[in-house]
Structures are given as C-alpha cells and as structure tokens.
Amino acid sequence: MNISHIEHIGIAVKDLKSAIPYYEDVLGLKCYNIEEVTDQKVKTAFFKVGQTKIELLEPTSEESAVAKFIEKKGEGVHHIAFRVDSVAEALAECESKGVQLIDKVPRKGAEGLSIAFLHPKSTAGVLTEFCEE
Ligand code: CMX
C-alpha cells in the first residue's frame, strides 16, 4: 500500500460545543467543517494542522462506537487515519497479512472520503482507518 500521510486523528468527545473552544481559543486552529456522518452515528468537527486534520467525534446515539468508547475509556484519541491511494488495495494487503478487518469493503466517510477500519486487536491496540479521496 502507499501511505502518503496521516489524513486525520480522530478524537472522541462528549460534545463538540465544549471541546471546540480548546482547539480554537487555546491552540488557535480553525474549525472549518462540522458534519454529521449518520452511517457512523457521529457528528464531526474538523481542524487542519498542515496536511493532517484533527477530527473531533461526538456520538449521536448511545449505540455509536464512539459512545461505547467514551463510556469505557473516557474522552481521548480514538483512531488514526492514513491516506492511501486505494482503500480496497490496502484492505486486501492487510487481509493477506492476517490483519483483522472491520470493513471488508470501503464505505463512505466524512468529507466525501472512502474509508475502512482495521480492528484494534490486530493493530497493536490502535483503531486504524484508511482514507482515499
Ligand atoms: N481504540 C482501541 N481499542 C478499542 C477502540 C478504539 N477506538 N474501540 C474499542 N476498542 C477495544 C475495546 O477496548 C475492547 O478491548 P477489550 O476486549 O480488551 O476490552 C475491544 O476493542 C472491543 O471493544 P468493545 O467496546 O466491545 O466494542 P466492539 O467490539 O463492539 O467495537 C470496534 C469495537 C473497534 C469494532 C468498533 O468500535 C468499530 O467498528 N469501530 C470502527 C467504526 C468507528 O469507530 N466509527 C466511528 C468513527 C467514524 C468516523 O471517523 O467518521
């Protein structure tokens, strides 16, 4: 696979309104997009840091993976997302190397990207996402 850079770091928060002021007023970043991803049951807020984005994730349902994560571990870093040329190819390579996939085929994520996740039990404890434009 060809990873070009870290596309984003996903951070689980209880609510965007309480978390955004830290990123804007303390770190001086600008929230340039707020978007709900109904498929993933989250509302997201994006900030650019060079080529990489910070993606804040607020759960919109108790069944959301992010709600479950916050309940278990509290707010904090939830996943890391790598930008690849082809999510399908990256998944095929991971599967052939014995990595457990969460998504067998790419699906639609925030900002119109094609995305897929690897299971944290196969990736040294870090929920890992691939993204393709
Ligand atoms: N990072 C690291 N480990 C995680 C994790 C995370 N984000 N989320 C769960 N885990 C661990 C749990 O701690 C647990 O470990 P133990 O068995 O040692 O306790 C194990 O994975 C199973 O966790 P669980 O709470 O029982 O949750 P599930 O198995 O039901 O789901 C997962 C876990 C990763 C499969 C699910 O969260 C998932 O499918 N995630 C991918 C989709 C997603 O996270 N979407 C939200 C973001 C969307 C976006 O960016 O737009």
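Now for a look at the structure at hand.

Non-glycine residue K41 carries a positive phi angle of around 55°. One can find K41 in the loop between strand 2 (31-37) and strand 3 (42-49). One non-glycine residue, E111, lies in the positive phi region at around 60°. The topology assignment puts E111 in the loop between strand 6 (107-108) and strand 7 (114-118).

On the surface, a cluster of positive charge is contributed by K68, K72, K73 and K121. If you trace the backbone, K73 turns up in helix 2 (residues 65-73). Of the residues examined, K73 reaches a relative accessible area of 64% and is grouped as exposed.

What follows concerns the site of the ligand. Taken together, 18 residues are adjacent to the ligand, and Q40, E55, K68, H78 and K121 come closest. Take Q40: an N or O atom from its side chain is 2.7 Å from a nitrogen atom of the ligand. Elements that contribute at least two residues to the shell around the ligand include exactly strand 4 (52-59), helix 2 and strand 5 (76-84). Counting residues per element, the shell around the ligand draws most heavily on helix 2, which supplies 6 residues. In terms of residue class, the shell around the ligand is made up of 8 nonpolar, 5 polar and 5 charged.

On to a nonpolar patch on the surface. Residues Y22, V26 and L27 make up a contiguous nonpolar surface patch of roughly 300 Å² in combined accessible area. Position of V26 among the secondary structure elements: in helix 1 (residues 16-26).

Bridge count between strand 2 and strand 3: 6 bridges; the pairing is antiparallel. Bridging from a neighbouring strand, V37 pairs with V42 of strand 3.

This part covers the side chain of E129. When you line up the elements, E129 lands in strand 8 (residues 128-132). Despite its burial, E129 remains without a salt bridge, the nearest opposite charge being carried by R107 at 8.2 Å. Within polar-contact distance, the side chain of E129 engages the side chain of H79 at 3.0 Å. Aside from chain neighbours lying at most four places away, what touches E129 is H8, H79, I80, A81, F82, I115, A116 and F117.

With that settled, the discussion passes to the nonpolar core. Formed by I11, V13, L16, A19, I20, Y23, C31, A45, F47, I54 and L56, the largest nonpolar core amounts to 11 residues. Looking at this core, the elements that each hand over two or more residues are helix 1, strand 3 and strand 4. With 4 residues, helix 1 is the largest single contributor of residues to this core. Setting aside chain neighbours within four positions, we find V13 in contact with A19, L56, L57, E58, P59, I70 and E75. By size, the runner-up hydrophobic cluster in this structure holds 10 residues, among which are V84, C94, A116 and L118.

We now examine the packing of aromatic side chains. For the structure on display, the rule yields 3 aromatic pairs. Both rings, one in Y32 and one in F46, keep their centres 6.2 Å apart while their planes meet at 45°; by these two values the pair is tilted. Here Y32, found in strand 2, pairs with F46, found in strand 3; they are 14 residues apart in sequence, far enough to count as distant. In this structure F46 comes out as buried when scored by relative accessible area, which is 2%. Among the aromatic residues, those joined into a ring-pair cluster are Y22, Y23 and F47.

Conventions and cut-offs
Residues numbered from 1 in each chain as written. Predicted model: local features only at pLDDT ≥ 70, side-chain atom pairs only at ≥ 80, totals over all residues. Heavy atoms only, no water. Helix = DSSP H or I, 4+ residues; strand = E, 2+ residues; numbered from the N terminus. Patch = residues over 30% accessible without salt bridge, like charges linked within 9 Å, V, L, I, M, F, W, Y side chains within 5 Å. Areas by Shrake-Rupley, 256 points an atom, 1.4 Å probe, with all protein chains shown as cover. Salt bridge = Lys/Arg side-chain N within 4 Å of Asp/Glu carboxyl O. Lys, Arg positive; Asp, Glu negative; His and termini not counted. Charge placed at Lys NZ, Arg CZ, Asp CG, Glu CD. Buried < 20%, exposed > 50% of the residue type's maximum accessible area, 1.4 Å probe, protein only. Near = heavy atom within 4 Å. Polar contact = N/O pair within 3.5 Å; in protein donor to acceptor, adjacent residues only side chain to side chain. Nonpolar A, V, L, I, M, F, W, Y, C, P; charged D, E, K, R; others polar. Pairing = 2+ DSSP bridges. Contact = heavy atoms within 4.5 Å. Core = buried A, V, L, I, M, F, W, Y, C linked by side-chain atoms within 4.5 Å. Phe/Tyr/Trp six-rings, centres within 6.5 Å; stacked < 30°, edge-to-face > 60°.

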